[in-house]
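Structure at a glance
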Amino acid sequence: MYVFMAVVFVLGYLCIALEHPLKIDKAAAAILTAVFCWTVLVLGADSIISPQAAAHAPGGPAELVIEALRHHLGEISEILFFLLGAMTIVELIDSHEGFKVITDRIQTRRRVHLLWIVGLLTFFLSAALDNLTTTIVMVSLLRKLIRGRPERWLFVGVVVIAANAGGAWSPIGDVTTTMLWIGNQITASGVIFGLFLPSLICLLVPLLVLSFRLRGEAPRPRARTHLGEHQPPETTAFERNTVLALGLGALVFVPVFKTVTHLPPYMGILFGLGVLWIATEFLHRDKEDEQKHPLSVVGVLRKVDTPSVLFFLGILLAVAALATAGHLTQIALLLRESLGHIYPINYSIGLLSAVVDNVPLVAGAMKMYPLADPAMVAAASPEDADWLSQFVVDGHFWEMLAYCAGTGGSTLIIGSAAGVAAMGMERISFTWYVKRVSLLAFLGYTAGAVAYMAMLALQ
């Protein structure tokens, strides 16, 4: 049953990776994988769970599995509630056209200037929002700035690199960094100060290379009138600016809220959502229902990407099943014996995230390498203490994992949520991205990893 459980997980993972050829949504595959993994685990608990561990459960191995499921579900729900609140806030800003305040200020047509503006804007916007949302916003912006898909694709590729790089150094910029932050492997200040420079280098290297290749001006789209197209309700400048300021303020306030109250981050995001909910109800209190509903939280909730939330639920539960059964512990020991150091382990995880979704990779790493306590490090032998010290809060392993898992996926367009979103919106082919963008992303990823190692060597 132990081996069968691993086979079930691999088959489910293949269904997730082959989502487009199979034409089966990855959320459905992830949920079924989670259910099957836990079912196999509980049915085969007598042979999978060690007798020593089962001895602590009065009801035997099966009860121990059920208790483990409840424990993991509690941890996972913190991530899901945070994502749901953040996605709702961003959708509310978008429904009020709040992002126009940013996009309408870009006037240049020169390719190189536009490249740097788009890249740096995406980098910092991704840190404040998240890489997926920022990619959607920036691709929509590029459609207003550049005419023609082939002309626009290279800039979209830079958006993918910049969004992933920007999300890596912010606790709310990438779901994997958020997972590590919520799990207390990293702190907000630690990841910002530790990864800002490597993440910036990850973006600057591709921008510098492209600056020598791009020439001339980018063609602007022709003005067109979309007849019969449904238009969202109009908002005033005051409404747009108010919702944008409150929304971004709510997102940025989350780390402050956690630091002051020590409550989990999802409480901070729910607080911000509640404030924004009341503010928007007050702003539109005198409008007709037809105009008010699309601008309210109730109306916006229908636009939230619920399948993505269910995908995270399924894949995180499936990984938790492997952790409970002991698969991840064996993999952790294998990586330590074969690679021997956190640098090659993290670098390999980053490259693997270009092929395999980075969410389960980080979830697996969190289960494979438990968070070390300083007292445990002090009591260990010198050799073990050197290894365990990498896994304390803000340890080098966790920081480099946040960087590598966040940026390594850029090397392939299917390697990150930002890349998949850009691929769907612009219909970028896999082979085109490999030929034109993958090498740039790889160079940036490697340069940032080297920069992080250099920073540690100079400390």
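Thresholds applied
- Residues numbered from 1 in each chain as written.
- Predicted model: local features only at pLDDT ≥ 70, side-chain atom pairs only at ≥ 80, totals over all residues.
- Heavy atoms only, no water.
- Axes fitted to C-alpha atoms, helices over the stretch in contact; angles between N-to-C directions.
- Helix = DSSP H or I, 4+ residues; strand = E, 2+ residues; numbered from the N terminus.
- Parallel < 35°, antiparallel > 145°, perpendicular 65-115°, else oblique.
- Left-handed = near helix turned anticlockwise from the far one by under 90°.
- Contact = heavy atoms within 4.5 Å.
- Nonpolar A, V, L, I, M, F, W, Y, C, P; charged D, E, K, R; others polar.
- Core = buried A, V, L, I, M, F, W, Y, C linked by side-chain atoms within 4.5 Å.
- Buried < 20%, exposed > 50% of the residue type's maximum accessible area, 1.4 Å probe, protein only.
- Salt bridge = Lys/Arg side-chain N within 4 Å of Asp/Glu carboxyl O.
- Expected span 1.5 Å × (residues − 1).
- Bend = angle between axes of the 7 residues up to and from the residue.
- Phe/Tyr/Trp six-rings, centres within 6.5 Å; stacked < 30°, edge-to-face > 60°.
- Lys NZ or Arg CZ within 6 Å of the ring centre and 35° of its normal.

**A short note on the packing of helix 8 (residues 111-128) against helix 10 (residues 149-168)**
It is the contact of helix 8 with helix 10, at a shortest axis distance of 7 Å, that shows an interaxial angle of 30°. Overall, the two elements helix 8 and helix 10 adopt an arrangement that is roughly parallel. The way helix 8 lies across helix 10 gives a crossing that is right-handed. Seen from helix 8, the contacting residues are Arg111, Leu114, Leu115, Val118, Gly119, Thr122, Phe123, Ser126 and Ala127; seen from helix 10, they are Glu151, Phe155, Val158, Val159, Ala162, Ala163, Ala165, Gly166 and Gly167. Considered class by class, the residues forming the contact of helix 8 with helix 10 number eleven nonpolar, five polar and two charged.

**A closer look at the nonpolar core**
Grouped together as the largest cluster of nonpolar side chains are 133 residues, with contacts concentrated most on Met5, Met179, Trp398 and Leu401. Looking at this core, the element that brings in the most residues is helix 6 (residues 61-95), giving 13 residues. Here Leu401 is in contact with Leu180, Asn346, Ile349, Val362, Ala365 and Gly406, once residues within four sequence places are set aside.

**Structural notes on the packing of helix 19 (residues 342-352) against helix 23 (residues 396-407)**
Where helix 19 contacts helix 23, the axes come no closer than 8 Å and their chain directions differ by 25°. With respect to helix 23, the axis of helix 19 lies roughly parallel. For the element pair helix 19 and helix 23, the recorded crossing hand is right-handed. Taken together, the residues of helix 23 that come into contact with helix 19 (itself represented by Ile342, Tyr343, Ile345, Asn346, Tyr347, Ile349 and Gly350) are His396, Phe397, Met400, Leu401, Cys404 and Ala405. In the contact of helix 19 with helix 23, the residues fall into ten nonpolar, three polar and no charged.

**Digging into the pattern of salt bridges**
Note on pairing: side chains with opposite charge can pair once their charged atoms come close. Enumeration according to the criterion identifies five salt bridges in this entry. Note that Lys287 is salt-bridged to Glu239, the shortest N-O span being 3.2 Å. You can see Lys287 sitting in the loop between helix 14 (265-283) and helix 15 (289-292) and its partner Glu239 sitting in helix 13 (residues 237-261), a full 48 residues away along the chain. You can call Lys287 partly exposed: its relative accessible area is 22%. A relative accessible area of 8% places Glu239 in the buried class. Note that Lys292 and Glu281 form a salt bridge whose closest N and O atoms lie 3.4 Å from each other. Here Lys292, found in helix 15, pairs with Glu281, found in helix 14; they are eleven residues apart in sequence, far enough to count as distant. Accessibility expressed as a relative area gives 21% for Lys292, which makes it partly exposed. Taking relative accessible area as the criterion, Glu281 reaches 27% and is therefore assigned partly exposed. Beyond isolated ion pairs, a larger network of salt bridges with shared partners links Arg143, Arg152 and Glu426.

**Structural notes on the environment of Ala325**
Here Ala325 is to be found in helix 17 (residues 306-325). Since its relative accessible area comes to 10%, Ala325 is described here as buried. Distance in space between the C-alpha atoms of Ala325 and Cys37 is 9.8 Å, their sequence separation being 288 residues. What Ala325 contacts, discounting residues up to four positions off in sequence, is Tyr2, Met5, Leu41 and Ile48.

**Quick word on helix 12 (residues 188-211)**
Compared with an ideal rise of 1.5 Å per residue, which puts 24 residues at 34 Å, helix 12 spans 33 Å between its outermost C-alpha atoms and is within 8% of the ideal. Leu195 marks where helix 12 bends most, by close to 45°; the proline Pro198 follows one to four residues later.

**A short note on the packing of aromatic side chains**
A complete count under the given rule lists 17 aromatic pairs for this structure. On the basis of an interplanar angle of 0° and a centroid distance of 6.0 Å, the ring pair of Tyr403 and Tyr445 is categorised as stacked. Of the two residues, Tyr403 sits in helix 23 while Tyr445 sits in helix 25 (residues 430-458), which places them 42 residues apart along the sequence. Of the two residues, Tyr403 and Tyr445, both sit in the buried class. Every member of this aromatic cluster is reached through a ring pair, and the members are Phe123, Phe124, Trp169 and Phe196. Over the ring of Phe282 we find Arg285; its NZ or CZ atom is 4.0 Å from the centre of that ring.

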